[in-house]
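Geometric and topological summary
Below are the chains, spelled out letter by letter.
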Amino acid sequence: MIPLLILGLLKQNPGSYGYELLALMEENHYKYIVNFTKGSFYYNLQQLEEKQLIKKVDVDKSDRTRETHNYIITELGNKEFEKLMYQYGSKTEYVNLSFYTTMLFADEYKTEDFIQLLNMQIMQTREKITLLEKSLEQDDRNPAYFKHMLKNSLAHHLVNVEWFEGLLNEIRSKDV
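Definitions and limits used
- Residues numbered from 1 in each chain as written.
- Predicted model: local features only at pLDDT ≥ 70, side-chain atom pairs only at ≥ 80, totals over all residues.
- Heavy atoms only, no water.
- Helix = DSSP H or I, 4+ residues; strand = E, 2+ residues; numbered from the N terminus.
- Buried < 20%, exposed > 50% of the residue type's maximum accessible area, 1.4 Å probe, protein only.
- Contact = heavy atoms within 4.5 Å.
- Areas by Shrake-Rupley, 256 points an atom, 1.4 Å probe, with all protein chains shown as cover.
- Salt bridge = Lys/Arg side-chain N within 4 Å of Asp/Glu carboxyl O.
- Axes fitted to C-alpha atoms, helices over the stretch in contact; angles between N-to-C directions.
- Parallel < 35°, antiparallel > 145°, perpendicular 65-115°, else oblique.
- Left-handed = near helix turned anticlockwise from the far one by under 90°.
- Nonpolar A, V, L, I, M, F, W, Y, C, P; charged D, E, K, R; others polar.
- Core = buried A, V, L, I, M, F, W, Y, C linked by side-chain atoms within 4.5 Å.

Once that is clear, we can look at the overall build of the protein. From N to C terminus, the protein includes seven helices and two strands. When its helices and strands are written in sequence order, the protein yields α-α-α-β-β-α-α-α-α. In the protein, which comprises 176 residues, the share counted as buried stands at 35%. Taking all contacts inside the protein whose residues are at least 6 apart in sequence as the whole, residues at least 24 apart take part in 63%. Of the roughly 12000 Å² of accessible surface on the protein, a fraction of 52% belongs to carbon and sulfur atoms.

Pairs can form between side chains of opposite charge whenever their charged atoms are close. Applying the stated criterion to the full structure yields three salt bridges. When the shortest N-O distance is used, the salt bridge between Lys56 and Glu49 registers 3.7 Å. Here Lys56 falls in the partly exposed class, since its relative accessible area comes to 40%. The shortest N-O distance in the salt bridge between Glu165 and Arg126 comes to 2.2 Å. Residue Glu165 is found in helix H7 (residues 144-175), and its partner Arg126 is found in helix H6 (residues 111-137); the two are separated by 39 residues along the sequence. For Glu165, a relative accessible area of 30% corresponds to the partly exposed category.

At a minimum axis separation of 9 Å, H6 and H7 run at an interaxial angle of 155 degrees. Overall, the two elements H6 and H7 adopt an arrangement that is roughly antiparallel. Crossing angle aside, the handedness with which H6 passes H7 is left-handed. Its residues placed into classes, the contact of H6 with H7 shows 15 nonpolar, eight polar and eight charged.

Moving on to the environment of His157. Along the chain, His157 turns up in helix H7. Along the chain, His157 and Gln124 lie 33 residues apart, while their C-alpha atoms are 9.9 Å from each other. If sequence neighbours within four positions are ignored, His157 has contacts with Tyr32, Thr125, Lys128, Ile129 and Leu132.

On to the packing of helix H2 (residues 18-27) against helix H3 (residues 38-50). Orientation of H2 relative to H3, taken along the N-to-C sense of each, is 130 degrees, at an axis distance of 11 Å. As far as their axial angle goes, H3 and H2 are oblique. The way H2 lies across H3 gives a crossing that is right-handed. Contact with H2, carried on its side by Gly18, Tyr19, Leu21, Leu22 and Met25, involves Lys38, Phe41, Tyr42 and Leu45 of H3 and no other residues of that element. In terms of residue class, the contact of H2 with H3 is built from seven nonpolar, one polar and one charged.

Attention now moves to the nonpolar core. Generally speaking, nonpolar side chains in soluble globular proteins are found buried as a group. Core analysis: the largest hydrophobic core is formed by 29 residues, its most contacted members being Ile6 and Leu7. Contributions of two or more residues to this core are made by helix H1 (2-12), H2, H3, strand E2 (70-73), helix H4 (75-89), H6 and H7. Apart from residues lying up to four places away in sequence, Ile6 is in contact with Leu21, Phe41, Asn44, Leu45 and Leu48. Membership of the second largest hydrophobic core comes to ten residues, among which are Ile115, Leu118, Ile122 and Phe164.

Functional significance is not addressed by these values, which are geometric in nature.
Here it is, written out as structure tokens:
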């Protein structure tokens, strides 16, 4: 999915250089959609260029202090973008969170250790909620559909915190 993000961002921001695109992905919290690292981003950027889906362009370098490579999407890249949009847009996948798998075996795990895992999940989920709320405050920077996705994700995380806290209360009431 990283290629789709890069191609889409280049459609929105033609002539951007790699670091600009990566910064946009981080600022807009695209990690909620796609897991990426700096290395995986630059690897995919290089692959897109090698496949001639994007190409380097010359820009006025008089205002820059270091060498940068600016990119635009090619006609072949536009076709790939359309293909990826359909490929990913027509899929419905199960939510696959690793924590859900651990819950299958919670009764086989030490209660105090499982409580610790639940507390970690609550803490991490609250951090995600904070990031989502901050991203939603940047209303003018995100497209409408992305805002709706963020709101959906926020609602999901709020429900998870409530659920995790309920599980904690259940476990603690059994111990009394």
